[in-house]
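# Summary of the model geometry
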Amino acid sequence: MNTKKVRHITGLTVLNILFIALCTIIFIPILYALSLSVSRGGTGLNSGLSFWPQNPTLANYYEIIVNEPFLLWLKNSAILSIGTMILAMGTAITAAYAFSRYRFKGKNGVLQVLLILNAFPQILSMFAIFRLFKTFHLLNSYIGLIIVYAGSMCIFSIWNMKGYFDTIPIEIEEASRIDGANSRQLLFKIVLPLARPAIIVTAVMVLIFVWNEYLFSTTFMMNENSYTLAAGLYQLQSGDYSRSWPLFSAAAILVSIPILIVFFCIQKYMISGLTAGGVKG
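So, here is what we can say about the structure in this document. (Residues numbered from 1 in each chain as written. Predicted model: local features only at pLDDT ≥ 70, side-chain atom pairs only at ≥ 80, totals over all residues. Heavy atoms only, no water.)

### A few points about the overall build of the chain
Note the cut-off: We count a stretch as a helix when DSSP gives it H or I for four or more residues in a row; a strand needs E for two or more, and each element gets its number in order from the N terminus. Exposure categories follow from relative accessible area, calculated using a 1.4 Å probe and restricted to protein chains: below 20% of the type maximum is buried, above 50% is exposed, and the middle band is partly exposed. Only the protein chains shown count as cover for residues, and the accessible areas themselves come from Shrake-Rupley with a 1.4 Å probe.
Secondary structure assignment for the chain yields 12 helices and 0 strands. The order of helices and strands in the chain, counted from the N terminus, is α-α-α-α-α-α-α-α-α-α-α-α. Looking at the 281 residues of the chain, the share that counts as buried comes to 38%. As presented, the chain carries roughly 16900 Å² of accessible surface, and 68% of it is formed by carbon and sulfur atoms.

### Overview of the packing of helix H8 (residues 183-194) against helix H9 (residues 196-212)
Definition in use: Think of each axis as a best-fit line through the C-alpha atoms, taken over the contacting stretch in the case of a helix, with angles from 0 to 180 degrees between the N-to-C directions. Oblique is the label for every angle not falling under 35 degrees (roughly parallel), over 145 degrees (roughly antiparallel), or within 65 to 115 degrees (roughly perpendicular). Should any heavy atoms of two residues lie within 4.5 Å, those residues are considered in contact. For this scheme, ten residues count as nonpolar: Ala, Val, Leu, Ile, Met, Phe, Trp, Tyr, Cys and Pro. Four count as charged, namely Asp, Glu, Lys and Arg, and the remainder, Gly too, count as polar.
At a minimum axis separation of 4 Å, H8 and H9 run at an interaxial angle of 70 degrees. In terms of axis orientation, H8 runs roughly perpendicular to H9. Facing H8, whose interface residues are Leu192, Pro193 and Leu194, H9 presents Arg196, Pro197 and Ile199. Of the residues that constitute the contact of H8 with H9, the class distribution is 5 nonpolar, no polar and 1 charged.

### Remarks on the pattern of salt bridges
Threshold: Take a side-chain nitrogen of Lys or Arg and a carboxyl oxygen of Asp or Glu: if they are within 4 Å of each other, that pair is a salt bridge.
Scanning all chains against the criterion turns up 2 salt bridges. In this structure, arginine 101 and glutamate 173 form a salt bridge, with 2.6 Å as the shortest nitrogen-oxygen distance. Of the two residues, arginine 101 sits in helix H3 (residues 70-101) while glutamate 173 sits in helix H7 (residues 170-178), which places them 72 residues apart along the sequence. Side by side, arginine 101 and glutamate 173 carry an identical accessibility label, which is buried.

### Quick look at the environment of tyrosine 149
Counted only if it meets this: We call two N or O atoms a polar contact when they sit within 3.5 Å, provided that within protein one can donate a hydrogen and the other can accept it, with sequence-adjacent residues counted only if both atoms are side-chain atoms.
Counting through the fold element by element, tyrosine 149 comes out in helix H6 (residues 142-167). In the structure, tyrosine 149 is positioned 62 residues away from leucine 87 in sequence and 9.4 Å away in space, judged by C-alpha atoms. The residues touching tyrosine 149, leaving out its near neighbours within four places in the chain, are Leu80, Thr84, Phe209, Val210, Glu213, Phe216 and Ser217. In terms of polar contacts, tyrosine 149 uses its side chain to reach the side chain of glutamate 213, at 2.4 Å.

Here it is in structure tokens:
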């Protein structure tokens with residue numbers, strides 16, 4: 001075995017050890033939260049760090065599902081997430097395809113303006129959005145929040161999918177037109193199936209953003225019946241005397257499960273959907 005091969009194997013071994021150590025360090029808080037969620041008592045600070053409680057119980061999960069409005073929070077988050085994903089993706093797919101394939105005056109300028117708007121801090125627009133919502137009676141409304149979320153994520157979706165559309169050879173579309181395909185057939189039967197990885201990954205990114213969003217949901221959804229999961233988790237910890245870390249940990253684990261399921265279902269699309277979308281701008 002030559003020296004070059006030995007160095008290569010040694011370097012890969014050291015790199016893998018570092019990655020394993022890093023994943024272990026990141027996984028420690030998750031393990032502790034999982035352990036805390038099946039422990040008894042009202043606080044997680046009265047004992048030392050332990051990854052397995054002495055008397056594990058599922059009472060915290062029962063409490064959060066049965067005695068707390070967790071399912072209502074779940075329904076609100078699901079409506080907002082799915083509604084935002086449909087609106088944002090329906091707008092972004094057609095816009096990204098137009099920016100990728102058509103030449104028109106001001107195209108680059110519009111893309112740059114969208115990029116600047118995406119970098120604009122959202123919190124600076126809170127007061128203006130609140131006044132608009134109050135004027136048009138959109139407070140505590142799914143529709144108003146879906147519009148805000150869709151507008152926020154539409155820019156990211158356009159840029160990511162435009163980069164992927166740019167990687168699809170134009171010759172495929174030209175051949176389809178020669179065979180008699182119209183613009184509608186070209187988009188829905190040729191382009192969209194080829195862009196499936198980017199569409200799925202972008203849709204999931206939108207879904208995750210809305211699922212975890214806290215600031216807008218707590219500002220514009222002030223009715224207890226309209227709380228999302230993020231707002232509901234905050235309510236569990238809002239009282240200094242009623243605070244229960246095991247209950248909060250159980251709720252946090254339950255909140256994470258749907259997103260983890262979605263992520264594992266689409267993980268085969270993650271690399272191609274994200275990296276190909278960033279090849280061209």
